[in-house]
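Structural overview
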Amino acid sequence: MHYRPLGRTGWQVSDISLGAWAIGSAWGHVSDKDSLEALNKAIDCGVNFIDTADVYGDGRSERLIAQLKKQRKEQIIVATKAGRRLPKQTEAGYSRENLTMWIEDSLRNLATDSLDLLQLHCPPTSLYEHSEVFGILDDLVKAGKIRYYGVSVEKVEEALRAIQHRNVETVQIIFNCFRQRPADTFFAEAKRRQVGILARVPLASGLLTGKFSLHSTFPVDDHRNFNRHGEAFDVGETFSGVDYKTGLEGVEELRQLVPHGISMSQFALRWILMFDAVTCAIPGGKRPEQVADNCRASDLPPVTDEGMAAARRIYDQKISPLIGNRW
Ligand SMILES: NC(=O)c1ccc[n+]([C@@H]2O[C@H](COP(=O)([O-])OP(=O)(O)OC[C@H]3O[C@@H](n4cnc5c(N)ncnc54)[C@H](OP(=O)(O)O)[C@@H]3O)[C@@H](O)[C@H]2O)c1
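Reading guide: rules and limits
Residues numbered from 1 in each chain as written. Predicted model: local features only at pLDDT ≥ 70, side-chain atom pairs only at ≥ 80, totals over all residues. Heavy atoms only, no water. Phe/Tyr/Trp six-rings, centres within 6.5 Å; stacked < 30°, edge-to-face > 60°. Buried < 20%, exposed > 50% of the residue type's maximum accessible area, 1.4 Å probe, protein only. Lys NZ or Arg CZ within 6 Å of the ring centre and 35° of its normal. 1 Å grid on protein atoms, 1.4 Å probe; cavity = no way out; pocket = protein on both sides within 12 Å on 5 of 7 lines; lining within 4 Å. Points joined across faces, edges and corners; volume = space filled by probe spheres on them. Nonpolar A, V, L, I, M, F, W, Y, C, P; charged D, E, K, R; others polar. Helix = DSSP H or I, 4+ residues; strand = E, 2+ residues; numbered from the N terminus.

A few points about the packing of aromatic side chains
Applying the stated criterion across every chain yields a total of 19 aromatic pairs. Residues Trp21 and Trp27 carry aromatic rings whose centres are separated by 5.5 Å and whose planes lie at 90° to one another, so their mutual orientation is edge-to-face. Judged by its relative accessible area of 17%, Trp21 is buried. Plain terms: the ring middles of Tyr94 and Trp102 are 5.9 Å apart, the flat faces sit at 75° to each other, and that makes the pair edge-to-face. Each member of the pair, Tyr94 as well as Trp102, is classed as buried. A network of ring pairs unites the aromatic residues Trp21, Trp27, Tyr56, Phe226 and Phe233 as a single cluster. A cation over an aromatic ring shows up here: Arg228 above the ring of Tyr244, its NZ or CZ 4.3 Å from the ring centre.

Written out as structure tokens, the structure is:
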């Protein structure tokens, strides 16, 4: 496992880290036993950074991470999020009272006195125009409730606005072979400001593992079933917002680029690590085998220039015309 600096925090985090949404909710049934095994496997593989949120299973994901921390002596840095408990996303909802309440809940769930990294969970675009909320977060840092804060965004434009606020340490954004726009429009500025970048949905919700077909089915409580068209939340979070059939065609073209002896998931993750502005990818994993497979990407040789150019061509020809500049 290799490690990269997380913005200006002083922390060095594993370039393949772990996303803990699937062990909370919205991905079909995942047992606590499997979840804890997956979490432990991540630490065995050298992962030292885990992304979660208060709403993943209403605190379930956070509580599992607290259990993991009790079981392990290694340093584990936990990034959580706040804001999605609001019934409707409004600027006013990000009040001092609400933020304090959500943070207290996460502190309890994670069994800690101070959150390592708190991210605003895809707040409305207009929030970035107002500095009050960042002042509130600065106060919460001073009060010792959080160590650092960052944002999770849907759109590149939000990312660019967010990093104008000088204490925003990290930006979490969808970045993968099917979502290349952040590299064109955001990474250089983030790097210049030394802001950490967490590449989320790195496997396009599993599409980029290459295991799906037109006949694949998903449980009713899996967002790949119930959010295909953005019925519950932004469609970009499901298969990266790429139409399933087109996504499968793109995967078949990408498959030709995967070197012998490595999995398609590993190729997709190693592709992300080719961008030095990225701090880490945070693939989700429900079982230890998935986590171990993904972690191996950290130690693979770089993707060749030809591989990078071909992946870009597939994106330009097949995916970009479909999703445009939406995110
Ligand atoms: N708004 C936000 O802030 C936001 C939104 C989305 C995600 N996130 C964060 O980003 C993290 C990662 O994104 P994600 O979990 O949505 O999607 P992802 O990482 O692209 O896909 C994860 C899923 O792919 C499958 N998978 C993973 N590794 C595999 C392997 N090696 N072989 C076969 N299948 C594999 C698993 O599901 P199956 O086995 O069921 O296929 C797993 O749950 C989340 O966990 C969360 O922490 C944040």
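Quick look at empty space enclosed by the protein
Counted by the stated rule, this structure contains 2 cavities of 30 Å³ or more. Quantified by volume, the largest cavity comes out at close to 40 Å³. What lines the largest cavity is Ile16, Ser17, Leu18, Ala42, Val47, Pro283, Gly284, Gly285, Val291, Asn294 and Cys295. Taken together, the residues that form the lining of the largest cavity break down as 7 nonpolar, 4 polar and no charged. Forming the boundary of the second largest cavity are Arg179, Arg181, Pro182, Tyr315, Ile323, Gly324 and Trp327. Counting residues per element, the ones that place at least two in the lining of the second largest cavity are helix H6 (181–185) and helix H12 (305–323). Its residues placed into classes, the lining of the second largest cavity shows 4 nonpolar, 1 polar and 2 charged.

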